[in-house]
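# Structural characterization, general
What follows is each chain in one-letter form.
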Amino acid sequence: MELDEVRSALAVAAHPDDIESWCAGTLAALKARGARVAYLLLTSGDKGSADPLAVPAQIAATREAEQLAAAAVLGVRDVVFLRRGDGTLADAPALRAAIATEIRRVRPDLLFAFDPWEPYVFHCDHRESALAALAAADPLARRPGPDGAAPHAVRAAWLFHTGRPDRFVDITATLDARVAARAAHASQTRDPAALARSWRERAAAAGAPAGLGLAEAFHEVVFPPPGAAWDE
């Protein structure tokens, strides 16, 4: 699907700063087009500190505050934390159900998540968060919720951190917002100037295959249209 078709989008990620690292430029472009954008963070990044004496609850509180500040840079106010344990995510029925609840609430046309089929071994939470998000979108959210919530059919998912991109979004106009949002994660940022340079280089590399100066790249998964039979 095309950006101009998107009325609502939900970004599902494992940790605070994942969204800003991979798709914030595109989300900023959607906001500029008037789309509703919501974030779902499955953990609060309570292991995200190099200090062995750091208290996980304090780390989580800091990282949640940073995530809210980062979202505010793009004008996103709908941010939900599931507060699962950092490093413990598993594509299991309970996690799928929790994500499906948010899908029925937000009713997104477009879902953003990691590409779970990429061999990035640095954090299993990324893979598991994406597998759960895709299963939540189809088939789970396409069925009524246990609380009577109306079903919702997501039209497509754009998977980031992918080695097989087929969707490219020009973020020339939104790169600065993406960098500012990522820099809001102060506890995860050693050198803001170096971060800005690195993010521009990454955007240039992402856009090169499509002939774009600065871009974010995704692999698109298209879901069956509403009313299609589910595989049992």
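See above for the structure.
My aim in this report is to walk through the structure given alongside it, one point at a time. (Residues numbered from 1 in each chain as written. Predicted model: local features only at pLDDT ≥ 70, side-chain atom pairs only at ≥ 80, totals over all residues. Heavy atoms only, no water.)

### Side note on helix α5 (residues 124–137)
Compared with the 20 Å implied by 1.5 Å per residue over 14 residues, the 20 Å span of α5 between its first and last C-alpha is a close match. Most of α5 is tucked away, with 11 of its 14 residues classed as buried. (Helix = DSSP H or I, 4+ residues; strand = E, 2+ residues; numbered from the N terminus. Expected span 1.5 Å × (residues − 1). Buried < 20%, exposed > 50% of the residue type's maximum accessible area, 1.4 Å probe, protein only.)

### Focus on the nonpolar core
In summary, soluble globular proteins display a tendency toward joint burial of nonpolar side chains. Counting residues in each nonpolar core, the largest one holds 64 residues, and the members touching the most others are Leu27, Leu30, Tyr39, Ile99 and Phe112. Those residues in contact with phenylalanine 112 that sit more than four places away from it in its chain are Ala9, Leu10, Ala11, Val12, Cys23, Thr26, Leu27, Leu30, Trp158, Phe160 and Phe218. (Core = buried A, V, L, I, M, F, W, Y, C linked by side-chain atoms within 4.5 Å. Contact = heavy atoms within 4.5 Å.)

### A look at the sheet that holds strand β1 (residues 8–13)
Taken together, the 7 strands give an open sheet; going across it, the order is β3-β2-β1-β4-β5-β7-β6, and neighbouring strands pair in mixed fashion. Strands at the two margins of the open sheet, each flanked by one partner only, are β3 (78–84) and β6 (167–170). Within the sheet, the average angular offset between the axes of one strand and its neighbour, ignoring direction, is 25 degrees. Where β1 and strand β4 (residues 110–114) come together, 3 bridges link them in parallel fashion. Within β4, the position partnered with alanine 11 by the bridge is phenylalanine 112. Packing against the sheet, helix α3 (residues 56–73) makes contact with β2 (36–43) and β3, and its axis sits at approximately 155 degrees to β3. (Pairing = 2+ DSSP bridges. Axes fitted to C-alpha atoms, helices over the stretch in contact; angles between N-to-C directions.)

### As for the side chain of glutamate 20
Among the secondary structure elements, glutamate 20 is positioned in helix α1 (residues 18–22). One buried charged side chain, glutamate 20, makes no salt bridge at all; its nearest oppositely charged neighbour is arginine 182, positioned 6.8 Å away. Side chain to side chain, glutamate 20 and histidine 185 meet in a polar contact 3.0 Å long. Residues contacting glutamate 20, with those up to four places away along its chain left out, are Tyr39, Gln67, Ala70, Ala71, Arg178, Ala181, Arg182, His185 and Trp199. (Lys, Arg positive; Asp, Glu negative; His and termini not counted. Salt bridge = Lys/Arg side-chain N within 4 Å of Asp/Glu carboxyl O. Polar contact = N/O pair within 3.5 Å; in protein donor to acceptor, adjacent residues only side chain to side chain.)

### Structural notes on the environment of serine 187
With respect to the secondary-structure elements, serine 187 resides in the loop between α6 (175–183) and α7 (192–207). Looking at serine 187, the relative accessible area reads 42%, which means it is partly exposed. Setting aside residues no more than four positions away along its own chain, serine 187 makes contact with Thr62, Arg63 and Glu66. Polar contacts involving the side chain of serine 187 include one to the side chain of glutamine 188, which spans 3.0 Å.

### So, the pattern of salt bridges
Tallied over the entire structure, the rule returns 16 salt bridges. Note that glutamate 102 is salt-bridged to arginine 105, the shortest N-O span being 2.7 Å. Highlighted residues: glutamate 102 and arginine 105, both in helix α4 (residues 93–106), separated by 3 residues, approximately one helical turn. The exposure class of arginine 105 is partly exposed, given its relative accessible area of 37%. One salt bridge connects arginine 142 with aspartate 138, and the closest N-O pair in it is separated by 3.8 Å. Classification of arginine 142 by relative accessible area gives buried; the value is 8%.

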